[in-house]
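Here are the chains, one letter per residue:
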Amino acid sequence: MKKFFVLVLFVIFSCNYKSEKIIDDVFDNYSFNSTLSKSTEIIIKAYDSTVTNKRSGGVESFIPTKEFKTKTKQQIEDFDKIFLNAKKTGYCCCPTSCYSIHFLNQKKELGLFYVDTLEFKNKIRIFESSFQYSYIIEKQKWKDYLNQLEK
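In what follows, the accompanying structure is described.

How each quantity is defined
Residues numbered from 1 in each chain as written. Predicted model: local features only at pLDDT ≥ 70, side-chain atom pairs only at ≥ 80, totals over all residues. Heavy atoms only, no water. Axes fitted to C-alpha atoms, helices over the stretch in contact; angles between N-to-C directions. Helix = DSSP H or I, 4+ residues; strand = E, 2+ residues; numbered from the N terminus. Parallel < 35°, antiparallel > 145°, perpendicular 65-115°, else oblique. Contact = heavy atoms within 4.5 Å. Nonpolar A, V, L, I, M, F, W, Y, C, P; charged D, E, K, R; others polar. Core = buried A, V, L, I, M, F, W, Y, C linked by side-chain atoms within 4.5 Å. Buried < 20%, exposed > 50% of the residue type's maximum accessible area, 1.4 Å probe, protein only. Pairing = 2+ DSSP bridges. Salt bridge = Lys/Arg side-chain N within 4 Å of Asp/Glu carboxyl O.

**What about the packing of helix α2 (residues 73-81) against helix α3 (residues 139-150)?**
Point 1. In the contact formed by α2 and α3, the axes pass within 10 Å of each other and the chain directions differ by 175°. When the axes of α2 and α3 are compared, the pair comes out roughly antiparallel. When α2 is examined against α3, the residues Gln75, Ile76, Asp78, Phe79 and Lys81 are found in contact with a partner set consisting of Lys141, Trp142, Tyr145, Gln148 and Leu149.
Point 2. A breakdown of the residues in the contact of α2 with α3 according to their chemical character gives five nonpolar, two polar and three charged.

See the structure below:
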C-alpha cells in the first residue's frame, strides 16, 4: 500500500511540474507575441563584447557599434519569421549580450531583449532582459534579418 501511495504522489508532483512548465511557456510566448504585435518599431543595437566586458545585460550604457531600425510594418512582421523552428528554453544564466532589441510603440519601450551570438557556433540566443526565458534560433536567420534591415 505504501508503494502505491508513493507512486500516486510521484505522478501528481510530476504532472504539476509539467503543468506549471506548460503554463509558463504559454505565458512567455503570449507575452513575447503580444509585445511584438503591439510594436510600431524595432531597434536593434550591436555592441562590441570586448568593450562591454561580456555583460549579460545593461549594455545600453555603452555606445553601440551599429544600429538597425525597422522602416516598414512588413519588417516588423518578418521579425517573427526568424522564430520558426526556434527552441524555447527556460532561465538562462550568464549569456553575453552582443545585441539589444528594443520593441517600441510610438517611441515608448514595450520590451527589451538581448542577443548572444557567442555561445553557439550556428545558433544564437535571444533572451528576455530578466533571463527568465530565451529562444535559440539559427544564426543564419538572424544575419539574413539584419541584412534585410540594412537595405
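**What about the nonpolar core?**
Point 1. In this structure, Ile42, Ile44, Phe79, Tyr99, Ile101, Ile126 and Trp142 are the most contacted members of the largest nonpolar core, which totals 25 residues.
Point 2. At the level of secondary structure, the elements contributing two or more residues to this core comprise α1 (2-38), β1 (41-46), α2, β4 (99-105), β5 (108-116), β6 (123-128), β7 (134-138) and α3.
Point 3. Top contributing element to this core by residue count: α3, with four residues.
Point 4. Ignoring anything within four residues of it in the chain, the contact list for Ile44 reads Lys66, Glu67, Phe68, Tyr99, Ser100, Ile101, Trp142, Tyr145, Leu146 and Leu149.

**Looking at the pairing of β1**
Point 1. Extensive coverage of β1 is indicated by the burial of five of its six residues.
Point 2. Taken together, the six bridges between β1 and β4 define a ladder with antiparallel strand orientation. Note on β4: the bridge partner recorded for Lys45 is Ser100.
Point 3. Sheet topology places β1 next to strand β2 (residues 66-69); four bridges connect them, and they run antiparallel. When the sheet's bridge partners are listed, Lys45 is paired in β2 with Glu67.

**Some points on the pattern of salt bridges**
Point 1. Scanning the entire structure with this criterion turns up five salt bridges.
Point 2. For the salt bridge of Lys81 with Asp78, the shortest nitrogen-to-oxygen distance reads 3.2 Å. In this pair, Lys81 and Asp78 are both assigned in helix α2, three residues apart and thus about one turn of the helix distant.
Point 3. Note on Asp78: relative accessible area 12%, which makes it buried.
Point 4. Among the ionic pairs, Glu119 bridges to Arg125, the shortest N-O distance being 2.9 Å.

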